[in-house]
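Analysis of the macromolecular model
Each chain, written out:
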Amino acid sequence: MSDITVRRSTFQSENRSWLRGPDGTLPGDNPSIVLDVSAFTAGTHYPNGFIPSGTVLGKITTSGLYAPYDPAATNGTETAVEILFSSVAVGAGATRVGGAGLHKGEVIPSKLPFQTGKGSLDADARTDLKLVNFSEGA
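Anyway, here's the lowdown on the structure attached to this text. (Residues numbered from 1 in each chain as written. Predicted model: local features only at pLDDT ≥ 70, side-chain atom pairs only at ≥ 80, totals over all residues. Heavy atoms only, no water.)

**Let's talk about the overall build of the protein**
Regarding its fold elements, the protein presents two helices and nine strands. In sequence order, the secondary structure elements of the protein are arranged as β-α-β-β-β-β-β-β-β-α-β. Computed over its C-alpha atoms, the radius of gyration of the protein comes to 16 Å, within 12% of the 14 Å expected for a compact globule of 138 residues. Dimensions of the protein, computed from the C-alpha atoms along their principal axes, are close to 55 × 35 × 25 Å. Among the 138 residues that make up the protein, the fraction classed as buried is 42%. If you take every contact in the protein between residues at least 6 apart in sequence, the share linking residues at least 24 apart comes to 70%. Accessible surface, the protein as shown: approximately 7,700 Å² in total, 52% of it carbon and sulfur. Here the protein carries 11 positive and 13 negative side-chain charges, and the mean point of each set is 5 Å from the other. (Helix = DSSP H or I, 4+ residues; strand = E, 2+ residues; numbered from the N terminus. Rg over C-alpha atoms; globule rule 2.2 N^0.38 Å. Buried < 20%, exposed > 50% of the residue type's maximum accessible area, 1.4 Å probe, protein only. Contact = heavy atoms within 4.5 Å. Areas by Shrake-Rupley, 256 points an atom, 1.4 Å probe, with all protein chains shown as cover. Lys, Arg positive; Asp, Glu negative; His and termini not counted. Charge placed at Lys NZ, Arg CZ, Asp CG, Glu CD.)

See below:
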């Protein structure tokens, strides 16, 4: 017999309007990454339980985990290395979550989820992400 129990789950509609085209989105283009949840601020980076795609990421040198890009940091996250490709659910008590990174392609900066603060794009991050073309427009 089949289990027809009603279950409730949460999800987030994916918003990748920040991508300008399909470059960098083919299978094999997006490396698996692990995010350090403690480096993200719940009320800022995942107020609805999801870290949104388009978050600019750095890599913590000591752990190898990814965190929001922070130009003022000295732990490795001061260098932008990836953009979060897909939104990631952060469950209660989670310390690490898996995701996928985007390190090449075409991105519309004004449509990224964070325009200021940690996880946003600045001039240095644009330079760090050498394989990403940043341009406005459709």
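**Quick word on the pattern of salt bridges**
Per the counting criterion, the structure on display carries three salt bridges. K104 is the partner of D29 in a salt bridge, and the nearest nitrogen-oxygen pair spans 3.7 Å. Taken as a pair, D29 in the segment before β1 (32–36) and K104 in the loop between β7 (96–102) and β8 (105–107) lie far apart in primary sequence, 75 residues in all. Residue class for D29 comes out buried when judged on its relative accessible area of 16%. One salt bridge connects D70 with K118, and the closest N-O pair in it is separated by 3.9 Å. In this pair, D70 sits in the loop between β4 (66–68) and β5 (80–84) while K118 sits in the loop between β8 and α2 (123–128), placing the two residues 48 residues apart along the sequence. Assessed through its relative accessible area of 15%, D70 is described here as buried. For K118, a relative accessible area of 42% gives the class partly exposed. (Salt bridge = Lys/Arg side-chain N within 4 Å of Asp/Glu carboxyl O.)

**Re the nonpolar core**
Among the nonpolar cores identified, the biggest contains 16 residues, and W18, V56, I83, L102, V107, L129 and F134 are the most heavily contacted of them. Of all elements in the fold, only β5, β7 and β9 (132–134) reach the threshold of two or more residues within this core. Setting aside anything within four residues of it in sequence, one finds W18 in contact with S53, G54, I83, L84, F85, L102, E106, V107, I108, K111 and L112. Listed in part, the twelve residues of the second largest apolar core include L35, F40, Y46 and V97. (Core = buried A, V, L, I, M, F, W, Y, C linked by side-chain atoms within 4.5 Å.)

**Some remarks on the packing of aromatic side chains**
The full count for this structure, using the stated rule, is zero aromatic pairs. Looking at R16, its charged tip hangs above the ring of F85, at a distance of 4.0 Å from the centre. (Phe/Tyr/Trp six-rings, centres within 6.5 Å; stacked < 30°, edge-to-face > 60°. Lys NZ or Arg CZ within 6 Å of the ring centre and 35° of its normal.)

**Structural notes on the environment of L65**
By secondary structure assignment, the location of L65 is in the loop between β3 (56–59) and β4. In this structure the C-alpha to C-alpha distance between L65 and G76, which are eleven residues apart in sequence, comes to 10.0 Å. With near-sequence residues (within four places) excluded, L65 lies in contact with V34, D36, G58, K59, I60 and R96.

Read these as layout, nothing more, since geometry by itself doesn't imply function.
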